[in-house]
Amino acid sequence: MSTSTTGEPAGDPVADASTDLVELRVPADPAYLTVVRTASAGLAARLDLTLDEIEDLRIAVDEACTLLLGPSPSDAELVATFRLGDGSLEVEVRGPARELPERSSFAWAVLEALVGEVFTGTSATGAWIVLRHSKTSGAAASVAAGVG
């Protein structure tokens with residue numbers, strides 16, 4: 001897992017001329033997480049992933065959103081940006097949380113088990129988490145290869 005504290009996601013995003021970009025903005029309130037989960041599953045289905053991989057990604061996005069809500073709902077937004085490339089999906093979630101939990105927490109274990117790569121960081125306006133999943137680097141591919 002890579003971490004950056006510069007306010008910008010670490011690594012190169014999945015971006016080129018054939019990348020589809022979808023941005024979803026919802027109030028930073030747990031009541032709206034269903035919208036983000038549903039969008040995640042729908043967009044992941046476009047990659048021809050298995051049902052298990054789609055569900056894993058949906059759960060990982062939900063966990064990331066929950067971590068980024070902050071201690072109490074406010075007038076802040078939760079922003080999920082989905083980048084669909086050739087066989088890959090990158091989800092960047094930004095929220096009002098100023099700090100992220102310890103890396104040894106259950107939430108991090110879930111994120112690392114369910115997607116290929118996880119990047120995190122904080123900025124002056126909150127924190128962000130980037131989840132990357134591809135047909136060849138996802139959790140299911142690791143398990144199939146005996147890595148996970």
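Residues numbered from 1 in each chain as written. Predicted model: local features only at pLDDT ≥ 70, side-chain atom pairs only at ≥ 80, totals over all residues. Heavy atoms only, no water.

### Observations concerning unusual backbone geometry
Most peptide bonds are trans, and most residues other than glycine sit at a negative phi. In this structure, Asp48 is a non-glycine residue whose phi angle is positive, near 60°. When you line up the elements, Asp48 lands in the loop between helix H1 (33–45) and helix H2 (51–68). Classification of Asp48 as exposed rests on a relative accessible area of 63%. (Helix = DSSP H or I, 4+ residues; strand = E, 2+ residues; numbered from the N terminus. Buried < 20%, exposed > 50% of the residue type's maximum accessible area, 1.4 Å probe, protein only.)

### Looking at the confidence of the model for the protein
For the protein, the average pLDDT comes to 80, and 78% of its residues sit at 70 or higher. Low confidence marks residues 1–15, where pLDDT is under 50. Its contacts with residues over four positions away, or in another chain, come to 42 contacts. Low pLDDT, under 50, characterises residues 138–148; the predicted model gives this stretch 13 contacts beyond four residues in sequence or across chains. (pLDDT = per-residue confidence, 0-100. Contact = heavy atoms within 4.5 Å.)

### Considerations on the side chain of Ser40
Note that Ser40 resides in helix H1. Since its relative accessible area comes to 0%, Ser40 is described here as buried. Beyond its immediate sequence surroundings of up to four residues, Ser40 is in contact with Arg58, Val61 and Phe82.

### Here's the deal with H1
If you check H1, its first and last C-alpha atoms are 18 Å apart, about what 13 residues at 1.5 Å a residue would give, namely 18 Å. On its buried side, H1 packs onto strand E2 (20–27), H2, strand E3 (77–85) and strand E4 (88–95). (Expected span 1.5 Å × (residues − 1).)

### Topic: H2
Look at H2: 26 Å from first C-alpha to last across 18 residues, which is about the 26 Å you get at 1.5 Å a residue. Residues of H2 that are buried include every one of Glu53, Ile54, Leu57, Ala60, Val61, Asp62, Ala64, Cys65, Leu67 and Leu68, and no others.

### Considering the pattern of salt bridges
When the charged atoms of two side chains with opposite charge come close together, those side chains can pair. Scanning all chains against the criterion turns up nine salt bridges. Its salt-bridge partner being Arg83, residue Glu92 comes within 3.6 Å of it at the nearest N-O pair. One exposure class covers both Glu92 and Arg83, and it is buried. Overlapping salt bridges, with partners in common, bring together Arg83, Glu90, Glu92, Arg94 and Arg132 in one network. (Salt bridge = Lys/Arg side-chain N within 4 Å of Asp/Glu carboxyl O.)

### Comments concerning the environment of Ala97
Secondary-structure assignment places Ala97 in the loop between E4 and helix H3 (106–114). The spatial distance from the C-alpha of Ala97 to the C-alpha of Leu67 is 7.4 Å, given a sequence separation of 30 residues. Those residues within four positions of Ala97 in sequence are excluded, and the remaining contacts are Leu67, Leu68, Leu69, Gly70, Gly126 and Ala127.

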